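One letter stands for each residue in the lines below.
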Amino acid sequence: MDIPVYLFTGFLDGGKTTFINGILQDGFALRDRTLLLCCEEGAVEYDPKVLKNVTVVNVEEEGDLTPARLSQLEKKHRPRQILIEFNGMWSLQRLYQDALPDNWVLYQIMTMVEAATFDVYAKNLGQMMMEKLTNADLIVFNRCDQALRDALRQRNLKMVNRRASIYLENLDGTSEDYADDTVCPFDLDQEVIHIPDDDFGVWYVDVMEHPKRYDGKAIRAKTVVCHLPQYPDEVVLGRFAMTCCENDITFLGLVARGEGFRAYENRAWADVTGVIHMEPHRAYEGELGPVLQVTASAPAGKPRQEVLSF
């Protein structure tokens, strides 16, 4: 039976234990037996009041993380889910490739960062820090003041990991989304903005939320060509995406104009290049919205992952 694994990583004092205490207090392990592997001891301890359904096992050495050892722990404690508070000085790559049993499935990777020490770690342990950021599904920068928030946004870390949710935890306990009008997940200074296959959904959300930043910008992407009767002189280019489950598939499409699309069958794949223009269009109920003027297109093979996921 597959067991979901939730991995918490980051360097010492980044806030991993505090975050784990928080989700356990919110009832994360209320029903399912949970195994918590603690690979690092910090100043904060686990709250004993939230460990009733949680077994904590300390892991002292990186070499102790082996499939055989972890399978023994699974057999002994019979968990339905597993939390790993990972040592920031250990290799994530080794964990993925050599340590986890085959039925331990990584569901989510969360990286906690002490905002005030981020620069120090980035400069002195750059590769290890980037590994923690680029692999994460969720990144939280803790203990941010205004100066730290501004400095972090100037770095534009969405360029490092476009798909991660990034939050800034403030000194007063509130949090805010890292992505604002100043942060873009793509390099807008490129002559042509190339949209990687796996990041089309990220780009689509960004262009719909911030269309003006793409006005007049050239983009290139692999898309599905859809012919819709309500747009007889145009096509809709986009990708199918699974927003929550296999039964919830939607099409993320952009109205486009250009020559040669009559030669494409409905739902054919095409590599397209074009320029985004803000125009009033009935797709946007007559309001201004992004319309792609295609300058070049060519038939394309299917990407590795046909349906996007978020």
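Everything numeric here is computed off the predicted structure, so don't read it as measured data. (Residues numbered from 1 in each chain as written. Predicted model: local features only at pLDDT ≥ 70, side-chain atom pairs only at ≥ 80, totals over all residues. Heavy atoms only, no water.)

## Here's the deal with the sheet that holds strand 6 (residues 138-144)
Thought 1: Taken in spatial order, the eight strands make up an open sheet running 3-2-4-1-5-6-7-8, and their pairing is mixed. Both edges of this open sheet fall to strand 3 (54-58) and strand 8 (175-177), since each of them pairs with a single strand only. This sheet shows a mean twist of 20° between the axes of neighbouring strands, independent of strand direction.
Thought 2: In this structure, strand 6 lies alongside strand 7 (residues 165-170), joined through five bridges in parallel fashion. Residue pairing in the sheet places isoleucine 139 in a bridge with isoleucine 166 of strand 7.
Thought 3: The strands that helix 5 (residues 126-134) touches are strand 1 (3-9), strand 5 (104-114) and strand 6; relative to strand 5, the one it contacts most, it runs at about 125°. (Pairing = 2+ DSSP bridges. Helix = DSSP H or I, 4+ residues; strand = E, 2+ residues; numbered from the N terminus. Axes fitted to C-alpha atoms, helices over the stretch in contact; angles between N-to-C directions. Contact = heavy atoms within 4.5 Å.)

## Topic: the packing of aromatic side chains
Thought 1: Enumeration according to the criterion identifies 10 aromatic pairs in this entry.
Thought 2: Consider the rings of phenylalanine 8 and phenylalanine 19, whose centres lie 6.0 Å apart with planes at 50°: the pair is tilted. Within this pair, whereas phenylalanine 8 is found in strand 1, its partner phenylalanine 19 is found in helix 1 (residues 16-25), the two being separated by 11 residues in sequence.
Thought 3: Judged by its relative accessible area of 0%, phenylalanine 8 is buried.
Thought 4: Judged by its relative accessible area of 25%, phenylalanine 19 is partly exposed.
Thought 5: For the ring pair phenylalanine 118 and phenylalanine 141, a centre distance of 5.4 Å and an interplane angle of 85° mean the geometry is edge-to-face. Taken together, the residues phenylalanine 118 in helix 4 (residues 118-124) and phenylalanine 141 in strand 6 connect sequence positions 23 residues apart. There is no split in this pair, since phenylalanine 118 and phenylalanine 141 are both buried.
Thought 6: Through a chain of ring-to-ring contacts, the aromatic side chains of Tyr6, Phe28 and Tyr107 assemble into a single cluster. (Phe/Tyr/Trp six-rings, centres within 6.5 Å; stacked < 30°, edge-to-face > 60°. Buried < 20%, exposed > 50% of the residue type's maximum accessible area, 1.4 Å probe, protein only.)

## Regarding the pattern of salt bridges
Thought 1: Enumeration over the complete set of coordinates arrives at 16 salt bridges.
Thought 2: A salt bridge links aspartate 119 to arginine 155; the nearest nitrogen and oxygen atoms lie 2.2 Å apart. With aspartate 119 in helix 4 and arginine 155 in helix 6 (residues 146-155), this residue pair connects regions lying 36 residues apart in the sequence.
Thought 3: Across the pair glutamate 279 and arginine 257 runs a salt bridge whose closest N-O atoms are separated by 2.9 Å. Of the two residues, glutamate 279 is situated in strand 13 (residues 268-280) and arginine 257 in strand 12 (residues 249-257); the sequence distance between them amounts to 22 residues.
Thought 4: Overall, the relative accessible area of 24% leaves arginine 257 in the partly exposed class.
Thought 5: Look at the salt bridges and you will find they share partners, linking Arg149, Arg153, Glu176 and Asp180 into a network. (Salt bridge = Lys/Arg side-chain N within 4 Å of Asp/Glu carboxyl O.)

## Some thoughts on the pairing of strand 13
Thought 1: Bridge count for strand 10 (residues 218-226) against strand 13 is eight bridges, and the pairing is antiparallel. Residue lysine 222 lies in a different strand from strand 13, and its bridge partner there is aspartate 271.
Thought 2: By the bridge criterion, 11 bridges tie strand 13 to strand 14 (residues 288-299) in an arrangement that is antiparallel. Bridge pairing in strand 14 places alanine 270 opposite proline 299.

## Examining helix 1
Thought 1: Listing the buried residues of helix 1 in full gives Lys16, Thr17, Ile20, Asn21, Ile23 and Leu24.
Thought 2: Positive phi shows up at glycine 27, right after helix 1, with a value of about 95°.

## Things to note about the pairing of strand 11 (residues 235-242)
Thought 1: Here strand 11 lies mainly inside the structure; six of its eight residues are buried.
Thought 2: Here three bridges tie strand 10 to strand 11, and the two strands are oriented antiparallel to one another. Opposite valine 224, over in strand 11, you have glycine 238 as the bridge partner.
Thought 3: The pairing of strand 11 with strand 15 (residues 308-309) spans two bridges and is parallel. Pairing of alanine 241 across the sheet is with leucine 308, part of strand 15.

## Looking at the side chain of asparagine 103
Thought 1: Here asparagine 103 is to be found in the loop between helix 3 (92-99) and strand 5.
Thought 2: Classification of asparagine 103 by relative accessible area gives buried; the value is 19%.
Thought 3: If sequence neighbours within four positions are ignored, asparagine 103 has contacts with Met1, Asp2, Ile3 and Glu74.

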